[in-house]
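Residue-level structure breakdown
This is what each chain is made of:
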Amino acid sequence: MAPAKIPVTVVTGFLGAGKTTLVNHLLAQCSGTYIGIIVNEFGEVGIDGQLIVADDQPLIEITNGCVCCTVRKDLTAALNELLQRAERPIERLIIETSGLADPAPVLQSFLADAALLQRVELESVVTVADAHHILLHVDDDIVREQIAFADVVVLNKVETASPQELERLERELRRLNPVAYLIRTERAQVPAAELLGAKRFSLPHVLSIEPDLLDGEAHDHEHDTSISSCCMETDGAIDPERFSRWMNQLVQSEAARLMRTKGVLNFNGEARQFHCHSVHMLLDARPGRRWGPDEQRRSKLVFIGRELAVDALREGFLGCLAIQPKWMPAPAAESEMEHP
Ligand SMILES: Nc1nc2c(ncn2[C@@H]2O[C@H](COP(=O)(O)OP(=O)(O)OP(=O)(O)O)[C@@H](O)[C@H]2O)c(=O)[nH]1
């Protein structure tokens, strides 16, 4: 008898919707299950790999592009690598796409790869929608595709919207996808049993949206090339007050251009990491895990947006160092990329 196929859940949704929060919540509920995780980030420097709490679970981070195009081959390679290097048989796979990924080519990677299809089975596509921001982006092709392809839509951050707004959002989501199972959540608190184990993926449904999906070469989606990312990194400790002041000002002054920041920070004198997020003007910072005794305490902050003022961002970030250099050095590392 052929071995059972490994169920795969694809978690998608726009920048900052709550995908990593959802993945962490699912992992926390499935501590007895050996789950392989692949996480893809838009920028060159990965942060999500550090934000996902996957202590004993195998995790591969794909950076340097968007999983739906430039690194599509990397996704298949990452899947094969996970399956090979796992210490014991993987029971389930979760793939978190970048917030700018078109889900169609991601699904294509599975459905058009005969060898992979022998081993894995798409169980469901879960799209996280941000109740606070979805209407800002709902006209973007990528967002519409993410919703249209969903088997489940998790309408997250519901505490930020009124009951009337939620009704309106749900009508909009239903218009884009009349068949998806819809769940309202705060902090992506979905019982794992509602998402994992329920086979909801429907090939006829995705083919009705993208008829040539099974044609391995087809790849006709468009990207918003005006969105780019850059990352600042430093080994110097960050002053929490300076940083908080700077970030608060930044998300307001750059509200039109800055869509997302996420970072892991080494705050001066703190034994724990600090995780900082902004989604447009919504700011969130909270302590993360303790730094390891021999771990290099490197701060990383990724910015995603339109026409990012990279020099000003770098200057602002270095201005948060606890010990200000006498001369302003180039940051330890800095990278920029544009959406292909
Ligand atoms: N207010 C509020 N914030 C939330 C909720 N769920 C998640 N967040 C916050 O939203 C921010 C983004 O959450 P993530 O889970 O990192 O979002 P993501 O979709 O993985 O983001 P990308 O990887 O950039 O696409 C974080 O600060 C979360 O703590 C929620 O229900 N309400």
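Only a predicted model underlies this, so the values are computations on that prediction, with no experimental measurement involved. (Residues numbered from 1 in each chain as written. Predicted model: local features only at pLDDT ≥ 70, side-chain atom pairs only at ≥ 80, totals over all residues.)

Concerning unusual backbone geometry
The phi dihedral of His280 falls on the positive side, at around 50 degrees, and the residue is not glycine. Its location among the elements puts His280 in the loop between strand E10 (272-279) and strand E11 (282-290). For His280, a count of 19 C-beta atoms within 10 Å corresponds to the partly exposed category. The backbone of Glu307 sits at a positive phi, close to 45 degrees, despite the residue not being glycine. By the secondary structure assignment, Glu307 is in the loop between strand E12 (299-306) and helix H12 (310-318). Its 12 C-beta neighbours within 10 Å are what place Glu307 among the exposed residues. (Helix = DSSP H or I, 4+ residues; strand = E, 2+ residues; numbered from the N terminus. Buried ≥ 20, exposed ≤ 12 C-beta atoms within 10 Å, placed from the backbone.)

Things to note about the site of the ligand
In the vicinity of the ligand lie 23 residues, with Thr20, Thr21, Gly99, His277 and Asp284 positioned nearest. Contributing elements (two or more residues each) for the shell around the ligand: helix H1 (19-29), strand E9 (258-265) and E10. Inspection of the shell around the ligand shows a minimum of three residues originating in each of domain 1 (6-209) and domain 2 (227-338). (Near = placed C-beta within 6 Å. Domains from an automatic or database assignment.)

With respect to the pairing of strand E1 (residues 6-13)
Within E1, six of the eight residues are buried, leaving the element largely enclosed by the surrounding structure. Across eight bridges, E1 lies against strand E5 (residues 120-130) in parallel orientation. When the sheet's bridge partners are listed, Pro7 is paired in E5 with Glu121. Where E1 and strand E4 (residues 92-96) come together, four bridges link them in parallel fashion. Within E4, the position partnered with Val10 by the bridge is Ile95. (Pairing = 2+ DSSP bridges.)

Some remarks on the sheet that holds E1
Ordered by their spatial adjacency, seven strands build an open sheet running E3-E2-E4-E1-E5-E6-E7, and the pairing between neighbours is parallel. The sheet terminates laterally at strand E3 (59-62) and strand E7 (181-184), the two strands that pair on one side only. If you compare each strand with its neighbour and ignore which way they point, the axes differ by 20 degrees on average. Pairing geometry for strand E2 (residues 35-40) and E4, over five bridges, is parallel. Of the residues in E4, the one forming a bridge with Ile37 is Ile94. Across the sheet, helix H8 (residues 163-176) is in contact with E5, strand E6 (152-156) and E7; its angle to E6 comes to roughly 155 degrees. (Axes fitted to C-alpha atoms, helices over the stretch in contact; angles between N-to-C directions. Contact = placed C-beta atoms within 7 Å.)

Here we look at the domain arrangement of the chain
Domain assignment breaks the chain into domain 1 (6-209) and domain 2 (227-338). Spacing between the C-alpha centres of domain 1 and domain 2 amounts to 26 Å. With 13 residues of domain 1 at the interface, the matching set in domain 2 holds 18 residues. By residue class, the composition of the side of domain 1 that touches domain 2 is six nonpolar, five polar and two charged. (Nonpolar A, V, L, I, M, F, W, Y, C, P; charged D, E, K, R; others polar.)

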